[in-house]
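Here is what each chain is made of, one letter per residue.
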Amino acid sequence: MALRQIRIMGDTILEKVCRPVKEMTPRTKELIGDMLETMYDANGVGLAAPQVGILKRIVVIDIGEGPLVLINPEILETSGEQTGQEGCLSLPGQAGIVTRPNHVKIRAYNEDMEQFELEGEELLARAICHECDHLDGIMYVRHVEGDLFDVEAEEEESEE
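The present account deals with the structure reproduced in this document. It should be emphasised that the depicted structure is a prediction, and the values quoted were computed from it without experimental measurement.

A short note on the sheet that holds strand β8 (residues 145–150)
Right, so step 1: Across the sheet, which stays open at both edges, the three strands sit in the order β4-β5-β8 with antiparallel pairing between neighbours. On the outer flanks of this sheet lie β4 (82–87) and β8, each paired with one strand and no other. In this sheet, adjacent strand axes meet at a mean angle of 30° when their direction is disregarded.
Right, so step 2: Both strand β5 (residues 94–100) and β8 contribute to a ladder of three bridges, which runs antiparallel. Directly across from Gln 94, in β8, lies its bridge partner Asp 150.
Right, so step 3: Contacts from helix α2 (residues 123–135) reach β4 and β5, with the element oriented near 55° to β4.

This is the structure in structure tokens:
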């Protein structure tokens, strides 16, 4: 595994729609491992493949309950709402207030390309929505209510 460079807002790859993963290959498995290592090294709770320059529909998330790998994630249902501070590894040192669903249900594939469904609430729901947006070329700043604000490095780990 290796650390990958995290692309910063303004890089056009972050504005592109990602392609579905059709099969699991050794390179894709390596990418997933690198994404997890990169996310942990940056103290993030989520990372999407385009953030490391790869236009594939792959997301990794860990809100403190162990890593989740979501391949070709599809949001099936959302409900409720939550408003809170959100940041992004592709916009270090900045955060904003964003309203997201409080509950989300998704369908995705794991590293063995086995389909599963997952439901998440609160931080997990926020992280899933945030990362799935990345797969469609959408940065969280599109959803920010008001202005972005500076955050200390220690606070950045509260959100992706």
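Continuing now.
Some points on α2
Right, so step 1: Here α2 contains 13 residues, and its C-alpha end-to-end distance of 19 Å stays within 8% of the 18 Å for a straight helix at 1.5 Å per residue.
Right, so step 2: A large share of α2 lies buried, amounting to 12 of its 13 residues.
Right, so step 3: Listed as buried for α2 are Leu 124, Ala 125, Arg 126, Ala 127, Ile 128, Cys 129, His 130, Glu 131, Cys 132, Asp 133, His 134 and Leu 135.
Right, so step 4: With its phi angle positive at about 75°, Gly 137 sits one or two positions after the end of α2.

Digging into the sheet that holds strand β6 (residues 103–109)
Right, so step 1: With antiparallel pairing, the five strands of this open sheet are ordered in space as β1-β2-β3-β6-β7. Among the strands making up the open sheet, the edge pair consists of β1 (46–48) and β7 (115–121). Averaged over all neighbouring strand pairs, the angle between strand axes comes to 40°, with direction disregarded.
Right, so step 2: Here strand β3 (residues 68–79) pairs with β6 via six bridges, running antiparallel. Following the sheet pairing, Thr 78 is matched in β6 by Val 104.
Right, so step 3: Together, β1, β2 (58–61) and β3 form the strand contacts of helix α1 (residues 26–41), whose direction differs from that of β2 by roughly 35°.

What counts and how
Residues numbered from 1 in each chain as written. Predicted model: local features only at pLDDT ≥ 70, side-chain atom pairs only at ≥ 80, totals over all residues. Heavy atoms only, no water. Pairing = 2+ DSSP bridges. Helix = DSSP H or I, 4+ residues; strand = E, 2+ residues; numbered from the N terminus. Axes fitted to C-alpha atoms, helices over the stretch in contact; angles between N-to-C directions. Contact = heavy atoms within 4.5 Å. Expected span 1.5 Å × (residues − 1). Buried < 20%, exposed > 50% of the residue type's maximum accessible area, 1.4 Å probe, protein only.

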